[in-house]
Amino acid sequence: MAAQSLLSESLLGWSIFTFILLVILAFCWVYIRKFQSRQESEVVSTITAICALAIALITSALLPVDIFLVSFMKYPNGTYKEWAANNETRGQIEDTVLYGYYTLYSIILFCVFLWIPFVYFYYEEKDDDNMNKCSQVNNALKYTVGFAIVCVVLLLIGAFVPLEAPPGQNSTQWEKVQYLFEELGSSHGLPALSFSISSLTLIGMLAVITYTAYGMSVLPLNLIKGTRSVVYERLENTEDIDDVEHQIEKLKSKCTDGRPLSSRDRQNLQELEGKLQVLRRRGRHLEIAERNCCTKVGSALRPVKILLGIFFILVALLFTVALFISNLDKALHSAGISSGFIIFGTNLTNPLNELLLALQPVFPLDYILITVITMYFVVTSMAGIRNMGIWFFWIRLYKIRPKRTRPQALLFLCMILLLIVLHTSYMIYSLAPQYVMYGSQKYLVQSQMPTAGLTSGNATSGTTRICDADAPEDQCTVTRSYLFLHKFWFFSTIYYFGNWAFIGAFLIGLVVSCCRGKKSVIEGEVEADDSDLSDDEYVH
């Protein structure tokens, strides 16, 4: 009976995970195809981008399964279920999740340090017409070796940095080396992988602060404000064309008598002709947009967009408040920087944490909510990337636009989104620490109560408590995700200060988005550095 219960509950959790996996694959395919350039479409880069994004999202989808399994080991009264009463059985279940994390995180390392860099540099070399296939592969491999060396260094640092006190000074060098290898073997390589993933998560934290924080403000406000009227934009564009044509004719009239134009006039004429070309292309796009059914449907759905924008901004404010409360709780009740600001449980009421704890017993409601939170981070991150573009400090590398994104930009996009989704695991922990650490587990506390009457003595009574750091070790099971997130205290410290930076970036982005006007109905479709041939993707 216990075995059947174990099988059915495990099957339920993994069935939901499989369904989410299929949904993720479909989403990634549609997402990448939407932004992919039709003229520069490459099969290998498309497959790489879809797989990389899917792996990141699947890794996040494993978190609710981890929490579900540790929570469903117990009854609401704090006692273990029959199939989970054995420590060995509980260990096998958690090891299954641990191996899932091992596999997915190893694939992420492979994508970030080998697969994506190789494909990126391969297509960078392809731009050189004098290169043959062998030269492209050789040059791409040379650059990829550098990434592989960085990966090996991170794994070695994580593997051999001792987390416990090493042998004393009287020990021989061989005993110290033997101690390091014993530590590596006893932990099954967890510190090495955790250190590498945490290093990538730091980069993801910077991307979250830059793109996600801004996207969480710009996306809802764009939905609320809407776009400018296409009819008014066409009229305004026509007036601009007439004005530029008049200026061009005025400049050309200076040389009707055969005199050449001055260098300044020639430069002005060249700039005006370029501006006229952009305005005419813009006019063609506006004409297409006016006839487009999607534009008309979008106008009809204007009330729905406003409601969706209000919902998104409320969700963003909820996340910000929950993150602020969580950080404040850590500042007040943790041991400080030396402990990584880690707290076990919650001392201040966190609305999102309470909501997840309330939904967790009714599986899969919490699974759906966590998936929605993850997808919300991805969508808002993409909104931030699309509005800002991909930058390296002050240098703009690529623009992300529907149907016009180059293969290299797509790979950069997926690399950033992959790192962002990696950091969302810690973001979700910050938003709901109790839920991520223990789920809805409770434990029994036995207490002695004196009895009154003919027979005097003590009676044993049990009360249930929510699992926290004070619970006996054999009564509460910590999720494997938590172990990955907090293996090294100094990463937790950096994440803590990163959360404050995220809150500040969101508030700044909110002010900037409020001050900006409505965007164009063809926002991002026409740029001065586009070629006329690129219009074929919209006209045909």
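Residues numbered from 1 in each chain as written. Predicted model: local features only at pLDDT ≥ 70, side-chain atom pairs only at ≥ 80, totals over all residues. Heavy atoms only, no water.

For the protein, an unreviewed UniProt entry supplies the name Lysosomal cobalamin transport escort protein LMBD1 and the organism Collichthys lucidus. The UniProt entry for the protein carries the following comment under Subcellular location (unreviewed entry): "Lysosome membrane". A UniProt comment under Sequence similarities (unreviewed entry) is attached to the protein, and it reads "Belongs to the LIMR family. LMBRD1 subfamily." (UniProt positions renumbered as here; feature names shortened; annotations may be inferred.)

Engineer: Tell me what's going on with the overall build of the protein, and back it up with residues and numbers.
Structural biologist: Looking only at helices and strands, the protein features 17 helices and four strands. Looking at the protein alone, contacts between residues at least 24 apart form 79% of all its contacts between residues at least 6 apart. Approximately 27,200 Å² of the protein is accessible, and the part contributed by carbon and sulfur atoms is 64%. (Helix = DSSP H or I, 4+ residues; strand = E, 2+ residues; numbered from the N terminus. Contact = heavy atoms within 4.5 Å. Areas by Shrake-Rupley, 256 points an atom, 1.4 Å probe, with all protein chains shown as cover.)

Engineer: An account of the environment of Tyr-99 is requested, with residue identities and associated values reported.
Structural biologist: In this structure, Tyr-99 sits in helix H3 (residues 87-126). When the C-alpha positions of Tyr-99 and Arg-480 are compared, they lie 9.8 Å apart, and in sequence the two are 381 residues distant.

Engineer: Give a detailed account of a negative patch on the surface, specifying residues and quantitative values.
Structural biologist: Judged by side-chain charge, Glu-239, Asp-240, Asp-242 and Asp-243 come together as a negatively charged surface patch. Note that Asp-242 resides in helix H7 (residues 230-252). (Patch = residues over 30% accessible without salt bridge, like charges linked within 9 Å, V, L, I, M, F, W, Y side chains within 5 Å. Salt bridge = Lys/Arg side-chain N within 4 Å of Asp/Glu carboxyl O. Lys, Arg positive; Asp, Glu negative; His and termini not counted. Charge placed at Lys NZ, Arg CZ, Asp CG, Glu CD.)

Engineer: Can you lay out the state of the cysteines for me, pointing to particular residues and giving the numbers?
Structural biologist: One pass over the structure, following the stated rule, counts zero disulfides. In this structure Cys-111 is a free cysteine whose sulfur lies 7.7 Å from that of Cys-51, the closest cysteine sulfur available. Assessed through its relative accessible area of 0%, Cys-111 is described here as buried. Cys-514 provides the cysteine sulfur closest to Cys-515, a residue in no disulfide bond, and the two sulfurs are 6.7 Å apart. Owing to a relative accessible area of 66%, Cys-515 belongs among the exposed residues under this scheme. (Disulfide = S-S within 2.5 Å. Buried < 20%, exposed > 50% of the residue type's maximum accessible area, 1.4 Å probe, protein only.)

Engineer: Describe the packing of aromatic side chains, listing the residues and the values that go with them.
Structural biologist: Tallying each qualifying case throughout the model produces 21 aromatic pairs. For the pair Phe-121 and Phe-147, a centre-to-centre distance of 6.1 Å together with 50° between the ring planes defines the contact as tilted. Taken together, the residues Phe-121 in helix H3 and Phe-147 in helix H4 (residues 133-160) connect sequence positions 26 residues apart. Between the aromatic rings of Tyr-496 and Phe-497, the centroid separation amounts to 5.1 Å while the plane-to-plane angle is 75°, which identifies the pairing as edge-to-face. Classification of Phe-497 by relative accessible area gives partly exposed; the value is 43%. (Phe/Tyr/Trp six-rings, centres within 6.5 Å; stacked < 30°, edge-to-face > 60°.)

Engineer: Outline the nonpolar core, supporting the account with residue identities and numerical values.
Structural biologist: Side chains that are nonpolar tend, in soluble globular proteins, to be buried together. Ile-108, Phe-319 and Ile-385 are the most contacted members of the largest nonpolar core, which has 125 residues in total. Core analysis: the second largest hydrophobic core is formed by nine residues, Ile-241, Ile-248, Leu-272 and Leu-276 among them. (Core = buried A, V, L, I, M, F, W, Y, C linked by side-chain atoms within 4.5 Å.)

Engineer: An account of the packing of helix H12 (residues 365-388) against helix H13 (residues 407-431) is needed here, citing residue identities and associated values.
Structural biologist: It is the contact of H12 with H13, at a shortest axis distance of 10 Å, that shows an interaxial angle of 135°. Classified by the angle between their axes, H12 and H13 sit oblique to one another. Relative to H13, H12 is oriented so that their crossing is right-handed. Residues Ile-370, Ile-373, Thr-374, Phe-377, Val-378, Ser-381, Met-382 and Ile-385 of H12 form the contact with H13, whose participating residues are Leu-413, Ile-416, Leu-417, Ile-420, Val-421, Thr-424, Met-427, Ile-428 and Leu-431. Considered class by class, the residues forming the contact of H12 with H13 number 14 nonpolar, three polar and no charged. (Axes fitted to C-alpha atoms, helices over the stretch in contact; angles between N-to-C directions. Parallel < 35°, antiparallel > 145°, perpendicular 65-115°, else oblique. Left-handed = near helix turned anticlockwise from the far one by under 90°. Nonpolar A, V, L, I, M, F, W, Y, C, P; charged D, E, K, R; others polar.)

Engineer: Go over the packing of helix H11 (residues 351-359) against H12 with me, naming the residues and quoting the values.
Structural biologist: Relative orientation of the contacting elements H11 and H12 amounts to 140°, with a least axis distance of 8 Å. Taken as axis vectors, H11 and H12 run oblique relative to one another. In the packing of H11 onto H12, the handedness of the crossing is left-handed. Across from Leu-352, Leu-355, Leu-356 and Leu-359 in H11, the residues of H12 making contact are Leu-365, Asp-366, Leu-369, Ile-370 and Ile-373.

Engineer: Quick rundown of a nonpolar patch on the surface? Include the residues and the values.
Structural biologist: On the surface, a nonpolar cluster with roughly 430 Å² of combined accessible area is contributed by Ile-306, Leu-307, Ile-310, Leu-314 and Leu-317. Relative to the elements of secondary structure, Leu-307 occurs in helix H10 (residues 302-333). Leu-307 gets classed as exposed once you look at its relative accessible area, which sits at 59%.

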